[in-house]
Amino acid sequence: MHRAIALATCVGLGVAGCGSDDSSSSSSSETSSSRSSSATAGTGAGKANTAEVVTAAEAFLTTLSDDQKETVQYDFDDEAKAKGWSNFPTSFVERNGIEFADLDDDQKAAALKVMEAALSEQGYEELEEIRVADAYLGEVGASGSGGGPGGGDDYSADKYFLALFGEPSETEQFMVQFGGHHAAYNLTYYKDDVSLSPTLTAIEPSEFETDGTSYAPLQDKRDTTIAAIGSLGDGELEKAEIDGSFDDLLLGPGNDGPFPDPEGVVVGDLTEKQQDKVTAMIRTWVDDLDEEAAEALVAKYVSEYDETYLGWSGATAIDNKETYVRVDGPSVWIEFSNQGGIVVQGVHQHTIFRDQTADYGWN
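Residues numbered from 1 in each chain as written. Predicted model: local features only at pLDDT ≥ 70, side-chain atom pairs only at ≥ 80, totals over all residues. Heavy atoms only, no water.

Enquirer: Just give me the short version of the overall build of the protein, but keep the residues and values in it.
Expert: Along its length, the protein carries 9 helices and 14 strands. Scored against the burial criterion, the 363 residues of the protein give a buried share of 56%. Pairs at least 24 residues apart make up 70% of the contacts formed inside the protein by residues separated by at least 6 positions. (Helix = DSSP H or I, 4+ residues; strand = E, 2+ residues; numbered from the N terminus. Buried < 20%, exposed > 50% of the residue type's maximum accessible area, 1.4 Å probe, protein only. Contact = heavy atoms within 4.5 Å.)

Enquirer: Report on the environment of S169, specifying residues and quantitative values.
Expert: Along the chain, S169 turns up in the loop between β3 (161-165) and β4 (174-179). A C-alpha to C-alpha distance of 9.4 Å links S169 and E58, two positions 111 residues apart in sequence. Ignoring any residue separated from it by four or fewer positions in sequence, one finds S169 in contact with T50, V54 and F174.

Enquirer: Account for the nonpolar core, with residues named and values stated.
Expert: Counting 74 residues, the largest nonpolar core has F60, M115, V176, F178, L187, I282 and L310 as the members making the most contacts within it. The residues touching V176, leaving out its near neighbours within four places in the chain, are V53, V114, M115, L162, A163, L164, Y185, N186 and L187. Formed by 18 residues, the second largest nonpolar core is a distinct cluster that contains A184, L200, L249 and W333. (Core = buried A, V, L, I, M, F, W, Y, C linked by side-chain atoms within 4.5 Å.)

Enquirer: If you had to explain the pairing of strand β11 (residues 309-314) to someone new, which residues and values would you point to?
Expert: Note that strand β10 (residues 265-266) and β11 share 2 bridges and pair antiparallel. Residue pairing across strands places V265 opposite L310, the latter belonging to β11. (Pairing = 2+ DSSP bridges.)

Enquirer: Lay out the packing of helix α4 (residues 105-118) against helix α5 (residues 121-143) in plain terms, naming residues and giving numbers.
Expert: Where α4 meets α5, the closest approach of the two axes is 9 Å, and the angle between their N-to-C directions is 135 degrees. Classified by the angle between their axes, α4 and α5 sit oblique to one another. Touching L112, M115 and E116 of α4 are Y124, L127, E128 and R131, all from α5. Class assignment for the residues of the contact of α4 with α5 results in 4 nonpolar, no polar and 3 charged. (Axes fitted to C-alpha atoms, helices over the stretch in contact; angles between N-to-C directions. Parallel < 35°, antiparallel > 145°, perpendicular 65-115°, else oblique. Nonpolar A, V, L, I, M, F, W, Y, C, P; charged D, E, K, R; others polar.)

Enquirer: Outline the pattern of salt bridges, listing residues and values.
Expert: Tallied over the full model, the rule gives 12 salt bridges. The partner of R131 in a salt bridge is E128, with the nearest N and O atoms 2.7 Å apart. In this pair, R131 and E128 both sit in helix α5, 3 residues apart, roughly one turn of the helix. Judged by its relative accessible area of 23%, E128 is partly exposed. For the salt bridge of D256 with R354, the shortest nitrogen-to-oxygen distance reads 2.9 Å. You can see D256 sitting in the loop between α7 (234-240) and β10 and its partner R354 sitting in strand β14 (residues 347-355), a full 98 residues away along the chain. (Salt bridge = Lys/Arg side-chain N within 4 Å of Asp/Glu carboxyl O.)

Enquirer: Outline helix α8 (residues 272-286), listing residues and values.
Expert: The end-to-end C-alpha separation of α8 is 20 Å, in line with the 21 Å expected for 15 residues at 1.5 Å each. Within the span of α8, buried status applies to Q274, Q275, V278, T279, M281, I282, T284, W285 and V286. (Expected span 1.5 Å × (residues − 1).)

Enquirer: How would you explain the environment of K47 if you had to name every residue and give the values?
Expert: Tracing the backbone through its elements, the reader meets K47 in the segment before α1 (50-62). Put simply, K47 and D192 are 145 residues apart on the chain and 5.6 Å apart in space, counted from C-alpha to C-alpha. Non-local contacts of K47, meaning those with residues more than four positions away in its chain, are made with D192, E292, A293 and A296.

Spelled out as structure tokens, the structure:
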């Protein structure tokens, strides 16, 4: 199988804010140690549709040549797992797996069937809309009409990659890793457990129109995040402020930990109505996963509200590029970070979801 893939150096980008870096005053440069392929029963919340994902993954593999399979398949413990995903353009950070541009139509359809099996209808639609947005950025960037400081044609719906870590199995851990510019999914399965940690979803621009259709990917994440932090009173908002400033995700690509000490207001101390808004926020990430597994995970995260914190830094308005919001529990970790436009003027979002008990799977 595969060697570890080295990160490309982002020298001469000229597109500040397009990916995670160490410029945030509270950023972490340490990375987590490599994960073990061994796991124990009861590691997650259960209800995963593992058999369906295994079937789709195996069907995808049957469409590939031997050389293509070699490109797609990795050992479960390969260190490339933690390095080959990013929100930089794919020309700056090499991705794991096989590129959609190198697949024929049948192979591409089979690859997407894997993601369709793994995600809910909502989650799969969001993924496809992010890919449409990347195609839109390619068109706008190539024409120079976006008005942002960056540009170029280094964006496409076909600059997405699929990799498998471990053999698809109903009894052993394996991961489906799928990603490109503004989406990266690390979906690990073990028996009836599933982890979507870490998963990056981002979008530029927040809203756009192409080929006569209007798109607003991540609208649910924007709305519920602002509603959750906006539900706090003045005193609660002051208590919820996180030290430091953040110009991007703290634990985004390339920064796998350690998780910081929790900051913010304890969700369990909020009113039931406020807690419902936090739950609605969490759902917009977790509900990207297949429905039954998502419901089980949400129930787990809600049960931990007495040790879960809601925090913010910079600003709390959706149209402010300084806005940063975080949910930090014993398990759930969500960051929502506004960014200034790179290709298109305005504000766009970077988000990360992690589960602190199941990052890249389970030990």
